[in-house]
Amino acid sequence: MNDIVLIKCGGSTLEQLSDKFFESIADLIKLGKKPVIVHGGGPAIGEMLASLNIESVFVDGLRKTTAEVMEVVEMVLAGKVNTSIVGRLQKTGVKTIGLAGVDGQLLKAKPINFEQLGYVGEIEQVNAQFLLELISIGFVPVIAPIGVDDADQRYNINADTAAGAIAKAIGAEQLLFVTDVPGILKDGKLIEKTTPEEIEEMIEDGTIYGGMLPKVKAAIDSLTGNIKEVIIVNGKDARIVHDGQIIGTKIVKENILSI
Ligand SMILES: Nc1ncnc2c1ncn2[C@@H]1O[C@H](COP(=O)(O)OP(=O)(O)O)[C@@H](O)[C@H]1O
Ligand SMILES: CC(=O)N[C@@H](CCC(=O)OP(=O)(O)O)C(=O)O
């Protein structure tokens, strides 16, 4: 047991996160957990691009990233969103360090499909050793999903995908997606527990679409690693932990569910 919990904070909910949310991260540390945060910031990037009269174009949920867009993505994610989360967490007394993929070559990336998506990246390698060292000396890393290659080209990585890859690389035990819905909803009702197989069916029948897709795909992929469960939770709730329980949708490996 390494007690690492990777928490992905979605841009959909970042501005609504209460002080209590950050206090519950401090609570997790008191319970002996080692949190690591990966954040998004899609809406903030969209607003900044709009204010610069640059159009946002999405292909299959991924933002088409020209060199000009990449500069804005990095400015918003690393410059604004990351420092804001670091500041809020630090206020609760937690030792925090903000990082983008370029720091310590944390996220080595390559283009997914340059012709179609420009500088959208996929992670080739995570510098897990660097992160584990920071965790071992008591820091909570807060990571912006920006990748880098050996030529210092930066890449825009979907934050859910980055969270899954980082969780797997550092052997996290739990992966939490904090978003703007209470979990996976079906016919308006919260699904409390589900499996990769059921998720495939919900993708097929259209129950799961849009921004939920990269989350469940990253969840399924990370369940092949050290992770025992992935939980999707609502960032609008004051606290993520209620009486020691996390409320949301739990995604577990099939064999565990059938026991
Ligand atoms: N079955 C589903 N249950 C709940 N939300 C869903 C479902 N399918 C798609 N979604 C969408 O996924 C969104 C969350 O993803 P996204 O907007 O990318 O958030 P984030 O910025 O937190 O990553 C929800 O607001 C909702 O519109
Ligand atoms: C390639 C790609 O689409 N990158 C995302 C990165 C931010 C992100 O993923 O933010 P959320 O978690 O808020 O969706 C973007 O440019 O919007």
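Residues numbered from 1 in each chain as written. Chains lettered and ligands numbered in written order. Predicted model: local features only at pLDDT ≥ 70, side-chain atom pairs only at ≥ 80, totals over all residues. Heavy atoms only, no water.

Caption draft 1: Main features of the site of ligand 1. In the vicinity of ligand 1 there are 17 residues, among which Ser 12, Thr 179, Asp 180, Thr 207 and Lys 215 approach most closely. At a separation of 2.8 Å, an oxygen atom of ligand 1 approaches a polar side-chain atom of Asp 180. Contact between ligand 1 and Leu 185: a nitrogen atom at 2.9 Å from a main-chain N or O atom of the residue. In isolation ligand 1 has 580 Å² of accessible area, and contact with the protein removes 80% of it. Of the pockets mapped on this structure, ligand 1 occupies the largest pocket. Only α1 (11-14), β11 (174-179) and α9 (212-222) provide two or more residues apiece to the shell around ligand 1. (Near = heavy atom within 4 Å. Polar contact = N/O pair within 3.5 Å; in protein donor to acceptor, adjacent residues only side chain to side chain. Areas by Shrake-Rupley, 256 points an atom, 1.4 Å probe, with all protein chains shown as cover. 1 Å grid on protein atoms, 1.4 Å probe; cavity = no way out; pocket = protein on both sides within 12 Å on 5 of 7 lines; lining within 4 Å. Sits in = over half its atoms within 2 Å of the grid points. Helix = DSSP H or I, 4+ residues; strand = E, 2+ residues; numbered from the N terminus.)

Caption draft 2: Spatial organisation of the layout of surface pockets. Each pocket or cavity is described by its volume, and for the largest pocket that value is around 1,200 Å³. Lining of the largest pocket is provided by 48 residues; of these, Gly 61, Asn 158, Asp 160, Gly 211 and Pro 214 occupy positions nearest its centre. Residue assignment for the lining of the largest pocket shows that the elements contributing at least two residues are α1, α3 (42-51), β4 (62-63), β7 (121-126), α7 (159-169) and α9. Top contributing element to the lining of the largest pocket by residue count: α9, with seven residues. Taken as a whole, the second largest pocket encloses approximately 270 Å³ of empty space. Those elements that provide at least two residues to the lining of the second largest pocket are α1, α3 and α4 (67-90). The element that contributes the greatest number of residues to the lining of the second largest pocket is α4, accounting for five residues. The residue makeup of the lining of the second largest pocket, split by class, is seven nonpolar, five polar and four charged. (Points joined across faces, edges and corners; volume = space filled by probe spheres on them. Nonpolar A, V, L, I, M, F, W, Y, C, P; charged D, E, K, R; others polar.)

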